[in-house]
Amino acid sequence: MKSPAARFLMDLRYLRALSRRFRSTLLLAVAIFGLGPAAYHWRYVGASGEHVSYGEALHHVYFLLFGQPSLPYVSDWLVESLNILIPPISIALVVDGVVRFAYLFFARHKNDKEWVSVVSETMKGHVVVCGAGRVGYRVVTQLLEMGKDVIVVEKREDATFVSALRDENVPLLIDDTRSPLCLPRTNVKKASAIVCATDDDLANLNIALDARRQNPGIRVVIRLFDDDLGAKVRDTFKAEALSSSSLAAPAMAMAALDPRLIHSFRIGKHLMVVSLFEVREGLPGMNISQVRDRFGGLALSLIRGDEETLHPNGDVVLQVGDQLTVQASYPEYCALRAFTGEADAPAYADHDNFLMPGYRPTG
């Protein structure tokens, strides 16, 4: 949720973007209501032989908008020309310029294509997310929590999370990503990254290629269901290609082995796990640094009573009942569980040597 100051600055940037888009309309309005009255004040001479005041001339120009001149007819070519030209020009100005300007400024909740295009012009370094499904919605939620500006593109009005994104005031463009005007409407040239999260591998690749062509320096993240295709994209396209199955498989496998494993991921060939330990046998009396030096476990948080500490200091001594969140490789995690004397600790072939101080497994 943006602060009032941030929303105010966003409104100012939006107004500036609108002014740039409607600069021809604004210039025409200045010409009609600035130069028009000046011309009448200079050339219009009434029955008394005196020039009309600037206020009377402005009054006359205003009513010419509605085809109701307020000054009597005089025989002057410039005045006659203005009387003929101002009404149709003013109608075009009001209909095409003022009405559209007011609509885009006051009806921003509509999320139509032109509104999204104007909003994107106020952004720089934002992230474009293509796809408003479950994956896309979670990506957007995470980016918003990190304070990033996001624009979402979805081709279907009835997609699952379209209404939820609109309720959160996220700019949402309903458009076909294959359209040549789609990505330019998101100001992709100034975006820092694009996330291709639709459920179509070919569509995601097309989006990535179009984005890279328009912005060679943009960071591209692609969701692909085909793992073999993902490997080829990473090698040749220099993009992050991720599949839901490859991301979920380690977590599901680890959860089947131990419910205390709350997260898992790979760094190269190494399987890393994040687990929650309740300090009991073996660990009480050791400090955070000793756990790290002996087992390679990095302490992410420590819960003692009702107080939680992120990244506890290395000299903090563990007590019975503490809850310690530890990140380690899976072999290191097995050794740590074995050290605490748990009978159901996962088997690891080299865990006896692993307990030796200074030992580090190569696998």
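Residues numbered from 1 in each chain as written. Predicted model: local features only at pLDDT ≥ 70, side-chain atom pairs only at ≥ 80, totals over all residues. Heavy atoms only, no water.

Attention now moves to the sheet that holds strand E1 (residues 127-130). In space, the 6 strands of this open sheet follow the order E3-E2-E1-E4-E5-E6, with parallel pairing throughout. Each edge of the open sheet carries a strand with a single partner, namely strand E3 (172-174) and strand E6 (240-242). Direction aside, the axes of adjacent strands within the sheet are offset by 15 degrees on average. Relative to E3, strand E2 (residues 150-154) runs parallel, the two being bridged by 3 bridges. Considered in E3, the bridge of Val 153 is made with Leu 173. Across the sheet, helix H5 (residues 113-121) is in contact with E2 and E3; its angle to E3 comes to roughly 140 degrees. (Pairing = 2+ DSSP bridges. Helix = DSSP H or I, 4+ residues; strand = E, 2+ residues; numbered from the N terminus. Axes fitted to C-alpha atoms, helices over the stretch in contact; angles between N-to-C directions. Contact = heavy atoms within 4.5 Å.)

Attention now moves to the packing of aromatic side chains. Any pair of aromatic rings gets described here by the distance separating the centres and the angle formed by the planes. A complete count under the given rule lists 5 aromatic pairs for this structure. Seen from their ring centres, Tyr 62 and Phe 63 are 5.4 Å apart, and the 85 degrees between their planes marks the pair as edge-to-face. Members of the aromatic cluster, connected to one another through ring pairs, are Phe 277, Tyr 330 and Tyr 333. Its guanidinium or amino end placed over the ring of Trp 42, Arg 43 lies 5.1 Å from that ring's centre, counting from NZ or CZ. (Phe/Tyr/Trp six-rings, centres within 6.5 Å; stacked < 30°, edge-to-face > 60°. Lys NZ or Arg CZ within 6 Å of the ring centre and 35° of its normal.)

Residue placement: Glu 154 occurs in strand E2. Leave out the neighbours within four places in its chain, and Glu 154 touches Gly 131, Ala 132, Gly 133, Ala 159, Val 162, Leu 172, Leu 173, Ile 174 and Asp 175.

Here the focus is the pattern of salt bridges. Two side chains with opposite charge may pair up if their charged atoms get near one another. Summed over the entire model, instances satisfying the criterion amount to 8 salt bridges. Two residues, Glu 157 and Arg 166, come together in a salt bridge whose shortest N-O distance is 2.6 Å. Across the salt bridge formed by Arg 292 and Asp 293, the nearest N and O atoms sit 3.2 Å from each other. (Salt bridge = Lys/Arg side-chain N within 4 Å of Asp/Glu carboxyl O.)

Residue placement: Gly 46 occurs in the loop between helix H2 (23-43) and helix H3 (54-64). On the accessibility criterion, Gly 46 (25% relative accessible area) is partly exposed. In this structure the C-alpha to C-alpha distance between Gly 46 and Pro 72, which are 26 residues apart in sequence, comes to 8.0 Å. (Buried < 20%, exposed > 50% of the residue type's maximum accessible area, 1.4 Å probe, protein only.)

This next bit is on the environment of Ile 32. Residue placement: Ile 32 occurs in helix H2. In contact with Ile 32, other than residues within four places in its own chain, are Pro 37, Val 61, Ile 89, Ser 90 and Leu 93.

Before going further, it helps to spend a moment on helix H6 (residues 134-145). At 3.6 residues per turn, the α-helix brings residues three or four places apart onto the same side. The end-to-end C-alpha distance of H6 is 17 Å, a good match for the 16 Å that 12 residues give at a rise of 1.5 Å each. Within H6 the residues assigned to the buried category are Gly 136, Tyr 137, Val 140 and Leu 143. Viewed along the axis of H6, the buried residues span an arc of 130 degrees, placing them on a single side of the element. Exposed residues on H6 whose side chains face more than 90 degrees from its buried face are Arg 134, Arg 138 and Glu 145. (Expected span 1.5 Å × (residues − 1). Arc of directions from axis to C-beta.)

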